[in-house]
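In case you want the letters, here they are:
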Amino acid sequence: MKYHLITLGCQMNKSDSERVKTVIEGIGFRWTENEEEANLLGVLACSVRQKSINKVYSQIAKWNKRKDRESLITFVSGCVLPADREKFLKLFDLIFTMNELPQFPEMIQQYGIVTPASVRKSSLGQESHVPTINKKNNEGPIFDLSAIVRQKTKISAADIQLNLPENPDIKEFWDIIPEYDSSFEAFVPIQNGCDKFCTFCAVPYTRGREVSRPSEEILSEVKRLVENGYKTITLLGQNVNSYGFDKKGNEISFSELLKKIGEYGDTCGKEFWTYFTSPHPRDMGVDVIEVIAKHKCLAKQIHIPIQSGDDKVLMRMNRKHNVDTYRHIIESIREKLPEATIFTDIIVGFTGETEEQFQNTIKAMNEFRYNMAYIAIYSPRPGATSSRWEDDIPQPEKKERLHRLTAELEVHARNYNNTLVDKTLKVLIAGTEKRSGYLSAYTEGKIPVRIYSYDKSRIGEFATVKIISAGDFSVAADFVEVMQESEV
Ligand code: SF4
């Protein structure tokens, strides 16, 4: 029996999908690229844009048509708003949150599916646990395990009011060893949920309150990955630097977590780069910057979202920081990590953003001289507070602001990239370029590097290269040598 999984949205969903695959493969299903030959079909939804939600609806409509002629089971998980959850319940066979993933095998068995793993057990004379209930695929039943979990769980008054999902058993989810998509780059979740409630974002309503993963587990996952040759580790969370806040003194802080990884990196004899995404400016202490400066394996690249360069817009976004507090963070980074590259996220055309307020974002771009900015045109996100406000900036105006801001970004990114020309740098070779004959790589600061070479055997290795030319957002380089593990 085969399965196919569609993962929409961000790195967090991609990371979650690696654990979903482990559980599905654990009950004997095999992955297929071709959804037409899959008996088990799932989607990890994203609620950031209506476009992504529409994709879930079109996908399930297609799958439900197939049910007229075939035996299929469908499921949905990921970031799902309460309103969509009600609708999905009528369309999918199974709906579950990531906390409930460990119970997925029982859900499948209760549904009446004889899994390959249970058949194998039976043939070996073991108890098979194949359930007695058996319903037609196109009739249901619909298992909403979260309803059961909710009955067992205390829900705070605030949560009821906000209709937030709970995260009671996320630890069990984290215990699952993921089927990593890459053999040299890994995402390690350190936290789930968000307590910040930015008005443009629906994440707190889909993922619930912040819950920190135990630091011992994070450290053992990091060590296991490094021992198995992984070259980059990205610590993932909605607000990584509020790590530990929910444990009220019973867990270490984010900077202490980085310190432990840094100390391990200093002594383990392996080369690796540790990144994290995303921190929130409000909780970005100088302790985080200082610890990165001390340890070689903590990559000198900081992604710190500003979202807007105007204090009034930031206030309406409920960002809980202003441009001045953000400025202090950048000054600390420039002082303590002079070699670090700085990335950010910016939204243009947020509801009510005036030309003058947008000009303040241009000023921020020119003051902070980012290496990369992920600039998004504002669009109301279903379920987010700002979706109830008038989306009053015309689309052509939003596009024009995007182009003007991108033009400023290009200048700063190219200026930095020009400083790399003629330098010899270490890069990680990550894959091939679309254009034949080139490998793609990146520096510790995550500047993309194009290398003329057909040698795919180098993918996944560190290499030393000489930068020969610079573009707006990437550089070109020639190999000097491939670094062997023994040279590290
Ligand atoms: S910090 Fe803001 S943007 Fe980030 S996940 Fe939380 S609410 Fe969304």
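This is a predicted model, so every value here is computed, not measured.

## A few points about the overall build of the protein chain
Point 1. Across its full length, the protein chain carries 16 helices and 19 strands.
Point 2. Sorting the 488 residues of the protein chain into buried and exposed places 40% on the buried side.

## Points about the sheet that holds strand β14 (residues 372-377)
Point 1. Reading across from one edge, β12-β13-β14 is the order of the 3 strands in this open sheet, with parallel pairing throughout. Strands with a single pairing partner mark the edges of an open sheet, and in this sheet they are β12 (301-303) and β14. Direction aside, neighbouring strands of the sheet carry axes that sit 10° apart on average.
Point 2. Note that strand β13 (residues 341-348) and β14 share 6 bridges and pair parallel. Considered in β14, the bridge of T344 is made with A373.
Point 3. In the packing of helix α16 (residues 395-420) onto the sheet, the strands contacted are β13 and β14, and the crossing angle to β14 comes to about 180°.

## Looking at the sheet that holds strand β10 (residues 232-236)
Point 1. Sheet architecture is open: 3 strands sit in the order β7-β10-β11, paired in parallel fashion. Looking at the sheet topology across the chains shown, the edges are occupied by β7 (185-189) and β11 (273-277). Each strand of the sheet is rotated relative to its neighbour by a mean of 25°, with strand direction disregarded.
Point 2. Judged from the 5 bridges that link them, β7 and β10 form a sheet pairing that is parallel. Within β10, the residue paired with A186 across the bridge is I233.

## Considering the nonpolar core
Generally speaking, nonpolar side chains in soluble globular proteins are found buried as a group.
Point 1. Counting 100 residues, the largest nonpolar core has A45, V76, V188, F200 and L258 as the members making the most contacts within it.
Point 2. Counting only domains with at least three residues in this core, you end up with domain 1 (2-162) and domain 2 (176-417).
Point 3. Core analysis: the next-biggest nonpolar cluster, separate from the first, contains 14 residues, I429, L439, I447 and A477 among them.

## Digging into the site of the ligand
Point 1. With respect to spatial proximity, the complete set of residues near the ligand consists of C194, K196, F197, C198, C201, V203, P204, Q238, N239 and H280.
Point 2. In the shell around the ligand, the residues fall into 6 nonpolar, 3 polar and 1 charged.

## Re the confidence of the model for the protein chain
Caution is warranted with low-pLDDT regions, since their predicted coordinates should not be read in detail.
Point 1. This prediction gives the protein chain a mean pLDDT of 87; 86% of its residues lie at or above 70.
Point 2. Within the model, pLDDT remains below 50 along residues 118-164, and this stretch shows 58 contacts once partners closer than five positions in the same chain are excluded.

## Looking at the pairing of strand β16 (residues 438-443)
Side chains on a regular strand alternate between the two faces of the sheet.
Point 1. Going residue by residue along β16, you find L439, A441 and T443 tucked away on one face and Y438, S440 and Y442 left uncovered on the opposite face.
Point 2. When strand β15 (residues 424-432) meets β16, the two strands line up antiparallel, connected through 5 bridges. The partner of T432 across the bridge, within β16, is L439.
Point 3. Once β15 ends, the chain turns through 5 residues before running back antiparallel as β16, passing G437 with a positive phi of about 95°.
Point 4. Of the strand pairs in this sheet, β16 and strand β17 (residues 448-452) are connected by 5 bridges, and their pairing is antiparallel.

## Quick notes on the packing of helix α10 (residues 215-227) against helix α11 (residues 254-267)
Point 1. Orientation of α10 relative to α11, taken along the N-to-C sense of each, is 30°, at an axis distance of 11 Å. Judged on the interaxial angle alone, α11 and α10 are roughly parallel. The two elements α10 and α11 cross, and the hand of that crossing is right-handed. Facing S215, I218, L219, V222 and K223 of α10, the residues of α11 in contact are L257, K260, I261 and Y264.
Point 2. Residue classes in the contact of α10 with α11 are distributed as 6 nonpolar, 1 polar and 2 charged.

## Here we look at unusual backbone geometry
Most peptide bonds take the trans form, and the phi angle of most residues other than glycine is negative.
Point 1. Omega for the bond connecting T277 with S278 falls within 30 degrees of zero, at -10°, which places this linkage in the cis form.
Point 2. Inspection of the secondary structure puts S278 in the loop between β11 and α12 (286-294).
Point 3. A positive phi angle is found at N318, which is not glycine, with a value near 55°.
Point 4. The phi dihedral of D422 is positive, around 80°, even though this residue is not glycine.

About the cut-offs
- Throughout, residues of each chain are indexed from 1 in the direction in which the sequence is written.
- Restriction of local features to residues with pLDDT of at least 70 applies here, the model being predicted, together with a cutoff of 80 or more for giving and counting side-chain atom pairs; totals for whole chains, interfaces and linings are based on all residues.
- Secondary structure elements follow DSSP: runs of H or I no shorter than four residues count as helices, runs of E no shorter than two count as strands, and numbering proceeds from the N terminus.
- Residue burial here comes from a neighbour count, namely the number of other C-beta atoms, placed from the backbone, that lie within 10 Å of the residue's own C-beta, with 20 or more meaning buried, 12 or fewer meaning exposed, and in between meaning partly exposed.
- Any two strands with at least two DSSP-identified bridges between them are counted as paired.
- All axes are obtained by fitting lines to C-alpha atoms, using only the stretch in contact for helices, and the reported angles, taken between N-to-C directions, cover 0 to 180 degrees.
- Contact between two residues is assigned when their C-beta atoms, built from the backbone, lie within 7 Å.
- As used here, a nonpolar core is made of buried Ala, Val, Leu, Ile, Met, Phe, Trp, Tyr and Cys residues. They are joined through C-beta atoms within 7 Å.
- Where each domain begins and ends is defined by an automated method or by a domain database.
- Here, nearness means that the C-beta atom of a residue, built from backbone geometry, sits within 6 Å of the molecule or strand in question.
- Just so you know the grouping, Ala, Val, Leu, Ile, Met, Phe, Trp, Tyr, Cys and Pro go in nonpolar, Asp, Glu, Lys and Arg go in charged, and all remaining residues, Gly too, go in polar.
- Per-residue confidence from the predictor is given as pLDDT, running between 0 and 100.
- Each angle is binned into one of four classes, with values under 35 degrees roughly parallel, values over 145 roughly antiparallel, values of 65 to 115 roughly perpendicular, and all other values oblique.
- Note on convention: near helix rotated counterclockwise from far helix by under a right angle means a left-handed crossing. Clockwise means right-handed.

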